[in-house]
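# Analysis of the macromolecular model
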Amino acid sequence: MRLPIASGAATGAVAIALYPLFQSGGWFWTSLGVILVVTGISVLGSRYTLPNWLVPPAQLLAVLIYLTAVFTGSKAWAVVVPTRDSVLGLAKLLATGFADIQRFAAPVPPNSGITLLTCGGVGLVAILVDLLASRLRRAALTGLPLLALFTVPAAVVSEPINWLAFIIAALGYLGLLAADGRERVNHWGRAVLVRRAPSFIAPKAAPDTGTLRLSGKRIGVTAIALAILLPALLPTLEPDPLFGFGVGNGKGGGGNSISIANPIVSLRGQLSLPNNSTVLTYTSSDGSPRYLRLHSLDVFDGEQWTMTAPQGHPEDRISDKPMPPAPGQSTSVPTTRATIRIAVSDQVKKVEFLPLPYPAGKVTIEGDWRPDRDTLMVFSTRDTAEGQAYEVVTNEPKPTAEMLKASAPAPSQISERYLQLPEGLPREIRELAAQVTKRDSSRYEQAVQLQEFFTKKGGFTYSLSTQGHGEAALTDFLIRGRTGFCEQFAASMAVLARVLGIPARVAIGYTGGSNFSGAWQVRTHDSHAWPELYFEGVGWLRFEPTPAGTGGQGSATVPSYTRPEIVTTGGDEPAVKPTGGSTGADGPTGSAGNRRDQMLDRDFGGPAIAVDEGMPLAAQIGIGVVVAALIALIPAMLRWELRARRRRSYSREKRASGDPSHEDTSGSTGVVAVRTDRRESAVTAAWAELDDALCDYGMSRRPSESPRALARRLIEQYAFEAEASAAVTRIATAVERMLFARTPAEIGPLPEDLRSVRRALAVTVTRGRRIRAVLLPPSTLLRARRLGERALDGFDRLENLRLRRPARKNA
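Chains are numbered independently. Their residues run from 1 in the order of the written sequence. Totals for whole chains, interfaces and linings use all residues, but because this is a predicted model, local features are given only for residues with pLDDT of at least 70 and pairs of side-chain atoms are given and counted only at 80 or more. Hydrogens are left out, water is left out, and the side-chain values use all remaining heavy atoms of the structure.

A run of H or I in DSSP becomes a helix once it reaches four residues, and a run of E becomes a strand once it reaches two; helices and strands are each numbered from the N terminus. Relative to the helices and strands, aspartate 753 is located in helix 22 (residues 750-762). You can call aspartate 753 buried: its relative accessible area is 3%. In this view, aspartate 753 contacts Ala727, Arg730 and Ile731; residues no more than four positions away in its chain are not counted. A simple rule labels every residue: compare its accessible area, found with a 1.4 Å probe on the protein chains alone, to the largest value its type can have, and call it buried under 20%, exposed over 50%, or partly exposed in between. Residues are treated as being in contact if the distance between any of their heavy atoms lies within 4.5 Å.

Moving on, we come to the nonpolar core. Note on terminology: a nonpolar core comprises buried Ala, Val, Leu, Ile, Met, Phe, Trp, Tyr and Cys residues joined through side-chain atoms within 4.5 Å. Among the nonpolar cores identified, the biggest contains 75 residues, and Leu354, Val363, Tyr390, Phe454, Leu478 and Leu533 are the most heavily contacted of them. Here the element with the most residues in this core is helix 15 (residues 486-499); it accounts for nine residues. Beyond its immediate sequence surroundings of up to four residues, leucine 354 is in contact with Arg293, Leu294, Val363, Ile365, Trp369, Val378, Ala385 and Tyr390. The next biggest cluster of nonpolar side chains, apart from the first, holds 37 residues, and it includes Ala6, Leu21, Leu90 and Leu149.

With that settled, the discussion passes to the packing of helix 20 (residues 707-717) against helix 21 (residues 722-740). Two elements in contact, helix 20 and helix 21, have axes whose closest approach is 8 Å; the angle formed by their N-to-C orientations is 170°. Between helix 20 and helix 21, the angle is such that the two are roughly antiparallel. Every residue of helix 21 that contacts helix 20 at Pro707, Arg708, Ala711, Leu714 and Ile715 is listed here: Ser725, Val728, Thr729, Ala732, Val735 and Glu736. Broken down by class, the residue content of the contact of helix 20 with helix 21 amounts to seven nonpolar, two polar and two charged. Only C-alpha atoms enter the line fits that serve as axes; for helices the fit covers just the stretch in contact. Angles between N-to-C directions range over 0 to 180 degrees. Working rule for angles: under 35 degrees goes down as roughly parallel, over 145 as roughly antiparallel, 65 to 115 as roughly perpendicular, anything else as oblique. When residue character is reported, Ala, Val, Leu, Ile, Met, Phe, Trp, Tyr, Cys and Pro are called nonpolar, Asp, Glu, Lys and Arg charged, and the others, Gly included, polar.

Quick look at the packing of helix 2 (residues 26-47) against helix 3 (residues 55-71) now. In contact at an axis separation of 9 Å, helix 2 and helix 3 are set at 150° when each is read in the N-to-C sense. Both helix 2 and helix 3 take part in a crossing whose hand is right-handed. Seen from helix 2, the contacting residues are Trp29, Thr30, Gly33, Val34, Val37, Val38, Ile41, Ser42 and Gly45; seen from helix 3, they are Val55, Ala58, Gln59, Ala62, Val63, Tyr66, Val70 and Phe71. Across the contact of helix 2 with helix 3, the residue classes break down as 12 nonpolar, five polar and no charged. Definitions for this section: a left-handed crossing has its near helix turned counterclockwise from the far helix by less than a right angle. A right-handed crossing has that turn clockwise.

Further remarks concern the packing of aromatic side chains. For this analysis, a ring pair means two rings from Phe, Tyr or Trp (six-membered ring only for Trp) whose centres lie within 6.5 Å, classed as stacked if their planes differ by under 30 degrees, edge-to-face if by over 60, and tilted for the remaining angles. Applying the stated criterion to the full structure yields 22 aromatic pairs. Ring centres 6.5 Å apart and planes at 15° place the aromatic pair tyrosine 282 and tryptophan 520 in the stacked group. Within this pair, whereas tyrosine 282 is found in strand 3 (residues 278-284), its partner tryptophan 520 is found in strand 16 (residues 519-523), the two being separated by 238 residues in sequence. Like tyrosine 282, the residue tryptophan 520 is buried in the burial classification. Between tyrosine 418 and tryptophan 540 the ring centres are 4.6 Å apart and the planes differ by 70°, which places this aromatic pair in the edge-to-face class. Of the two residues, tyrosine 418 is situated in helix 11 (residues 412-418) and tryptophan 540 in strand 18 (residues 539-542); the sequence distance between them amounts to 122 residues. Residue classification places tryptophan 540 among the buried residues on the basis of a relative accessible area of 4%. Grouping aromatic residues by their ring pairs yields a cluster made of Tyr19, Phe22, Trp27, Phe28 and Trp29. Over the ring of tyrosine 48 we find arginine 47; its NZ or CZ atom is 5.5 Å from the centre of that ring. Charges are assigned to positions over rings by a cutoff of 6 Å between ring centre and Lys NZ or Arg CZ, combined with an angular limit of 35 degrees from the ring normal. In this structure, arginine 505 is placed above the aromatic ring of tyrosine 358, and the distance from its NZ or CZ to the ring centre is 5.5 Å.

Below, the discussion takes up helix 13 (residues 443-457). Because an α-helix packs 3.6 residues into every turn, residues spaced three or four apart end up facing the same way. Those residues of helix 13 that fall on the buried side of the exposure criterion are Tyr444, Gln446, Ala447, Val448, Gln449, Leu450, Gln451, Phe453 and Phe454. Immediately beyond the C-terminal end of helix 13, within one or two residues, lies glycine 459, with a positive phi of roughly 75°.

This part is about a nonpolar patch on the surface. Patch definition: residues above 30% relative accessible area lacking any salt bridge, with like charges linked at up to 9 Å and the nonpolar side chains Val, Leu, Ile, Met, Phe, Trp and Tyr linked at up to 5 Å. Residue burial considers only the protein chains on display, and all accessible areas are found by Shrake-Rupley using a 1.4 Å probe. One side-chain nitrogen of Lys or Arg within 4 Å of one carboxyl oxygen of Asp or Glu is enough to make a salt bridge. A cluster of nonpolar side chains, Ile623, Val627, Ile631, Leu633, Ile634, Met637, Leu638, Ile771, Val774, Leu775, Leu776 and Leu781, forms an exposed patch at the surface whose accessible area comes to about 1000 Å². For the nonpolar patch, the secondary-structure elements that each account for two or more residues are helix 17 (617-632), helix 18 (634-658) and helix 23 (767-775). Turning to its location among the elements, leucine 781 is positioned in helix 24 (residues 778-799). Given a relative accessible area of 38%, leucine 781 falls into the partly exposed group.

Bringing the pairing of strand 16 into the picture now. In this scheme, strands are said to pair when DSSP sees at least two bridges between them. Here strand 3 runs beside strand 16; their pairing, made up of four bridges, is antiparallel. If you follow tyrosine 282 over to strand 16, its bridge partner there is tryptophan 520.

What is shown is where atoms sit, not what they do.
Here it is as structure tokens:
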């Protein structure tokens, strides 16, 4: 029965790795139940020697009964017996679970559908593992289904799997292999009983497998340690640094995700990557930064923002003609040019959308790239953007405050699409939109008031570690928590804008990046989401509700047409009013305007663009060398600390011996207890230090050798001088008197004696041995080995525990 139990334990250990996928741990206990059911059936099958082919069907039936009782017990007969209604209920829950895992970003809420899907998958893995290990006796092959289960969080979650979860999973698999090996070894050489008169020949003793088990465990522990430590010393392979789309989130304790289904960038995962890699560079004709948009999301269903599938017509290929006109843009606008180069990397081979400033008037690029006429997203179903260099002509509007205040209502085709809200939108959200804006303000002024609510007045904070998920995420973010990252800020402002009757959508892409020698570099940490609001005559304009600077999204910038303008009113005091003129996307025209932007950034809390040049390769190598050296010096530091602790023991004894207050004044021939304890402690420490010194220099002490015999051998074998001979003799005498004499004698200067003996020993060995004794002292390594052996022996004792049925007493 050892193998069925080991199979269940291995499955449970690997299932722990699924924890990052869920918000809470309720799913685990339900999954643990299905593992126990599978294991119990396997134990019964082994106990009663059922045919191997019969056990897996029995396990499947037991799993079905268990899932019925847990999830659809109210529809089953006597709670546990499946019926037609209960089976249909399970099927509906499975369909709901499949739909939910497509809608939610990890960590997902452990609702009934997702939990059922998880338990069913874990149960099937448990059955397959038990079949391979217990029935087919192919324990090594169980690594395949266990690996399939282990790789689920690795494929979904952007952050690395926790090292503790890896260790637990690895120990579970190694325990299964050890159980299988023990079963095989125990069958070696088993005796056959032969009947002989007048009795039976006693069976041979079971083979001793202790040495084999200890060696196997050492190999397993060493392999796990190397699997954890070696990757830390190797260069990391980042996830897709440019278009790492998916529903997985980055690191953090949870996801306050107003979930966005594929193909949305996992923004938090991009922002949380350890290396801030450059993903593209660009230059612009006016030298100004520009936000680069990838996707435009127009549908909000109460839980997530998604985009309508883009439509690309063959006649709209951008290689043949300019882009379609920007919706809502009726005024003539000047043009600017930008050249964009995307990095060459294996991680961007499947790029299907181009990052572009909005609105692009013409894009010059090789391949079959087509725009969506409504959103101006540019995509391809045949080509990728890896290593591409392309030019963009941008028709950017330069709105003024007066122009935006006087904008006409949006046409019906815009309103019908970009004002839709779910019927069940919480009442608190609608009330909040009215509270933070003025009723008599224009739509433009209300949009600015919303932006200031998020960036200044609402008490919001920027954090990648957020809590909450699902239907209540929007309310949690706006009403209670008010903590999130750019995805929450952008999605929430777009919802509030729609409540106020302003057409809105969410854009996903990158901020303008940082300037290096005249070129703008966009990196993974520049991944961003922002809302776009529609104003007739100007079209779609971006707003920036996400906090910027060091306390927020570092490279985010507030559009200039939403900033106040300082003007002179005829007196000495300046007045503040909204303005519009801009250069490129965000700045005013000319050097004076640039100086004014700098002043506004300082006076009105504008963004401070964080320039991250990255760590030079030489510095990374240097840090790696330093860390490796510190790790290598751990044994030396442990040896030094032990020697220092022993030296303090000598010093205490020396001070006690020289202090008259510690002398015995009672007239007794003995030594007071406090003094005796200190002397024995000092002598013991000195003897242990001498023993370690011999070990470090490769001079072993014979087990049967007395202290006096050891001192004599060292003096004769290594030709000690008179000072070293006297020192080692005093140490040996002190040890013998402590062990055998009724009253210990006064001890000599132990620190000086040890130092003299160490010098005498050091001159007898090679320089390499002396260096090793300092940097990699064998005594410390031997202690570490013994500690590991004791830990493995502890596992052996746990394995040998048996639950025995008490023997019946004969009546």
